[in-house]
Amino acid sequence: MATTPAKKTAAKRAAKQPTPGKFPAASTIAAKYDVHGIILDLGESLPAPERRKILAQLRAEVPAFAALTTTASTAQPLGKGASDVLVAFPEGKRVSIAKTWNAVHALLLHPLVADCEPAVGYTLPPEPSRSAARSSGDGNDVHLPASMPRDWSIKAVGANHAQTQFGATGAGVRVGHPDTGYTAHPQIAGPRLRIADGYDFVDDKPDPRDPMTGMHPGHGTATGSVIFSDGAPDLFGVATGAELVPLRVSSSVIHFSFDNLVQALYRARDRGCHVVSMSLGGPWAGRSLSRAADVLVADGMILIAAAGNHTKMVIFPALLDSVIAVAASNADNKPWSGSASGAAIDITAPGESVWRAYAFKKKGVLQFDTQRSSGTSYATATTAGVCALWLQHHGIATLRARYGARLASVFTTLLKAHCRPVPGWNTDRYGPGILDAVGLLGAELPAFGGAVKRSAQHVPTRTSAASDWTRLQPYLPELSPKQLAAAVTKMYGAGARRTARAAQTPPPPPSLIDEIVFYVATDPAVREAFLAAGGVGAAPKARGGKAAAKRTGATALDPRAVLRARASTALRAALTED
């Protein structure tokens, strides 16, 4: 599990933390959304005929939903036994995010819908500095001298000693690997790469081969090699006997639909994976991801994810309570400057200048090499490899029989209790220390183990009230709780004011706060408007002069107009109240 009380206080601590990077000014960019459907939580797994009946009734009784779908629309489960279904919009139909949120708000009022969220991909602008490009694995990093030995990261976590001292290779352990897919790189090719168990959720086909397109071609090959390559002395993987199931969910680790990842998680479970290594993420995720993570943990699986690169907060899915969040360190036993940090971090592992398999195209021909690269992606892969060693050492069947759904909690507790402490280490930002494979494998197993952590346990309900505003805090770490309250009051209006007059105004429905969180997380202009409303920075100005300002409402005089210009009908109505 990702943390104990630390994650519950992540929002409070985030307000005091410096940030490792910044996004470009909102006036120079605009959020772009790929809205392709709506995810419905039907409350239980239902057969196809029942799903069709529910879909027909929702179309008949929810006009905003009917306007986006057709009679041919289907409700496709996101996994075997999943209560969440994807209702994809007709191919070629362009739907705005505001209209999608209109449908979401209306659907949440219907008794047949337990929960609802947009199925949307979005593009975060690249970091303006070269450090962001380096994090994607282009092989052009400026490296520390101590990272020259190809096995430095393995030795930094003691994986080499764990392999010899405990005879652990990860044999018999299957790692689910949602990423950009696989290539025929010799460092990962072979029978332990279980291609037949994988799937391509981007192009909906059985073969999850990486087409080497998009923002991060070859990323899945790189992270996979860190987990399980046995190509020494050219490359030193952590779990040289483990198996890897490649699951293609995107062509970029920061631009992907979480419904692809949700489907990949269920696929990993169904194909017998014991660990899932997720070197990817984004700043916003719907609750279907939380529910999928909880299902896998309940089945005795362990989920590990990257904290994020050059971001102001730990990203999803690492931010979920049921997922282990991993930050990155370097060969000098210091945090990597680009690593996300905060109270949500569980552990830190080598991520800067890590040797990995490098796949690239030169004049259209696929080439293979090994190089160093940086990112929390590699820290995550290292941790997943050590987890495979631990599972083999104690025996997967024995561990699952003993702990069941508490297995992930047991692993996380031991991981944090037996890491390597570093003098001067900031435990509030980077967890208790650096991953230590020998200490972990040598630790005595607890008699019972900690409680099962459920990411979906603390999500807002239909009766949630003003306390929901605290969900904005992790997304706005520059604002203190007091400044956030001021920003909410200025941006939202009467619904957030704690006055006698406001007491007569019902608090906003949780779904409206869901929408606000979505825009703050994914649209830099909205985020800057909130910061300005809280007294930090200046409100973004509209491009294109007075005409653009009138059209978008993006003026320095009224930060609330920035949000209103993007919002659904329901949210716009709420934003106009005083």
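This text follows the structure it describes.
(A) Just the overall build of the protein chain, in detail. Within the protein chain, the regular secondary structure consists of 22 helices and 13 strands. Here the protein chain holds 578 residues, and the buried ones make up 59% of them. Accessible area of the protein chain: about 22,300 Å², with a carbon and sulfur share of 54%.

(B) The pattern of salt bridges, seen in detail. This model, assessed by the stated rule, comprises 21 salt bridges. Across the salt bridge formed by R271 and D197, the nearest N and O atoms sit 3.8 Å from each other. Note that R271 is positioned in the loop between helix 10 (258–270) and strand 8 (275–278) and D197 in the loop between strand 5 (174–179) and strand 6 (199–200), a separation of 74 residues in sequence. Judged by relative accessible area, D197 falls into the buried class, the value being 13%. Residue D514 pairs with R471 through a salt bridge whose shortest N-O separation is 2.9 Å. In this pair, D514 is assigned in helix 18 (residues 510–522) and R471 in the loop between helix 16 (437–442) and helix 17 (481–492), connecting sequence segments 43 residues apart. What makes D514 buried here is its relative accessible area of 7%.

(C) Structural view of the sheet that holds strand 5. Reading across the sheet, the seven strands line up as 6-7-5-8-9-10-11 and stay open at both edges, with parallel pairing between neighbours. Each of the sheet's edge strands pairs with one partner strand only, and the pair in question is strand 6 and strand 11 (347–350). Pairing analysis gives two bridges linking strand 5 to strand 8, with the strands arranged parallel. Residue pairing across strands places G176 opposite V276, the latter belonging to strand 8. Running over the sheet, helix 12 (residues 376–394) touches strand 8, strand 9 (302–306), strand 10 (324–329) and strand 11 and is turned about 160 degrees from strand 9.

(D) Region of the structure containing the pairing of strand 13 (residues 365–373). Judged from the nine bridges that link them, strand 12 (residues 354–362) and strand 13 form a sheet pairing that is antiparallel. Each residue of the ladder has a partner; that of K361, found in strand 13, is L366. Counting the residues between successive antiparallel strands, the hairpin from strand 12 to strand 13 contains two residues, one of them, K363, with a positive phi of roughly 55 degrees.

Analysis parameters
Residues numbered from 1 in each chain as written. Predicted model: local features only at pLDDT ≥ 70, side-chain atom pairs only at ≥ 80, totals over all residues. Heavy atoms only, no water. Helix = DSSP H or I, 4+ residues; strand = E, 2+ residues; numbered from the N terminus. Buried < 20%, exposed > 50% of the residue type's maximum accessible area, 1.4 Å probe, protein only. Areas by Shrake-Rupley, 256 points an atom, 1.4 Å probe, with all protein chains shown as cover. Salt bridge = Lys/Arg side-chain N within 4 Å of Asp/Glu carboxyl O. Pairing = 2+ DSSP bridges. Contact = heavy atoms within 4.5 Å. Axes fitted to C-alpha atoms, helices over the stretch in contact; angles between N-to-C directions.

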